[in-house]
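Examining the three-dimensional arrangement
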Amino acid sequence: MIGPPPGARVFLACGVTDMRRGMDSLAALVQQSLGADPFDGSLYAFRGRKGRLVKCLWHDGVGLCLLTKRIEQGAFPWPTTPTGKVVLSPAQMSLLLEGLEWRRVQPAWRPTAV
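What this report covers is the structure whose coordinates are included nearby. Remember, predicted model here, so these are calculated numbers, not experimental data. (Residues numbered from 1 in each chain as written. Predicted model: local features only at pLDDT ≥ 70, side-chain atom pairs only at ≥ 80, totals over all residues. Heavy atoms only, no water.)

Looking only at helices and strands, one finds two helices and five strands in the protein chain. Ordered by position from the N terminus, the helices and strands of the protein chain form the series β-α-β-β-β-β-α. By residue count, 37% of the 114 residues in the protein chain fall in the buried class. Sequence separation of at least 24 residues holds for 55% of the intrachain contacts in the protein chain that already meet a minimum separation of 6. (Helix = DSSP H or I, 4+ residues; strand = E, 2+ residues; numbered from the N terminus. Buried < 20%, exposed > 50% of the residue type's maximum accessible area, 1.4 Å probe, protein only. Contact = heavy atoms within 4.5 Å.)

Now for the layout of surface pockets. Considered as a void within the structure, the second largest pocket measures approximately 160 Å³ in volume. Lining the second largest pocket are V16, T17, D18, M19, G48, R49, K50, G51, R52 and L53. Its residues assigned to classes, the lining of the second largest pocket comprises three nonpolar, three polar and four charged. (1 Å grid on protein atoms, 1.4 Å probe; cavity = no way out; pocket = protein on both sides within 12 Å on 5 of 7 lines; lining within 4 Å. Points joined across faces, edges and corners; volume = space filled by probe spheres on them. Nonpolar A, V, L, I, M, F, W, Y, C, P; charged D, E, K, R; others polar.)

Moving on, we come to the nonpolar core. Looking at soluble globular proteins, one finds that nonpolar side chains tend to be buried together. In this structure, L12, A45, V54, W78, L88, M93 and L96 are the most contacted members of the largest nonpolar core, which totals 15 residues. Those elements that provide at least two residues to this core are β1 (10-13), β2 (43-47), β3 (53-59), β5 (85-88) and α2 (90-97). If one sorts the elements of this core by residue count, α2 sits on top with three residues. Ranked by size, the runner-up nonpolar core spans 13 residues in total, among them M19, A27, V30 and L57. (Core = buried A, V, L, I, M, F, W, Y, C linked by side-chain atoms within 4.5 Å.)

Let us look at the pairing of β3. Among the seven residues in β3, five count as buried, and that is most of the element. Two elements, β2 and β3, share five bridges in a ladder whose sense is antiparallel. For A45, the partnering residue across the bridge sits in β3 and is C56. What sits between β2 and β3 in their antiparallel hairpin is a turn of five residues, with G51 showing a positive phi close to 85°. (Pairing = 2+ DSSP bridges.)

Attention shifts here to the pattern of salt bridges. If the charged atoms of two oppositely charged side chains come close together, the side chains can form a pair. Taken as a whole, this structure holds three salt bridges when the rule is applied. D40 serves as the salt-bridge partner of R9, at 3.2 Å between the closest nitrogen and oxygen. With a gap of 31 residues between them, R9 in the segment before β1 and D40 in the loop between α1 (23-32) and β2 connect regions that are remote in the sequence. Looking at R9, the relative accessible area reads 46%, which means it is partly exposed. D18 is the salt-bridge partner of R20, the closest N and O atoms lying 3.0 Å from each other. (Salt bridge = Lys/Arg side-chain N within 4 Å of Asp/Glu carboxyl O.)

One can find H59 in strand β3. In terms of polar contacts, H59 uses its side chain to reach the backbone amide nitrogen of G61, at 3.2 Å. Excluding residues that lie within four positions of it along the chain, H59 makes contacts with P38, F39, G41, S42 and L64. (Polar contact = N/O pair within 3.5 Å; in protein donor to acceptor, adjacent residues only side chain to side chain.)

What is shown is where atoms sit, not what they do.
Structure (structure tokens):
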């Protein structure tokens, strides 16, 4: 599984995004709706209406990258907030891209005795 680079800032665009958009119109959406710079090295993630498709926009220092992931069963867990965006850690984004619930991560069970 490919995840975001360590130390990268990750932003989720809350709500529904038209998945027919390409990298240029998603970059414009980052600037206009989220009030951020799409060329700052952060990862910006967008989800479609059905919740099965996620597009991520990332500038790697050389050019814009558009990454797409579709899950076959279920939907990506996505927040709804009035601010329009949510900040995640790279670890939370990796969980989200796996289709797992990233908001309530349960610690792994550890044995108490040998």
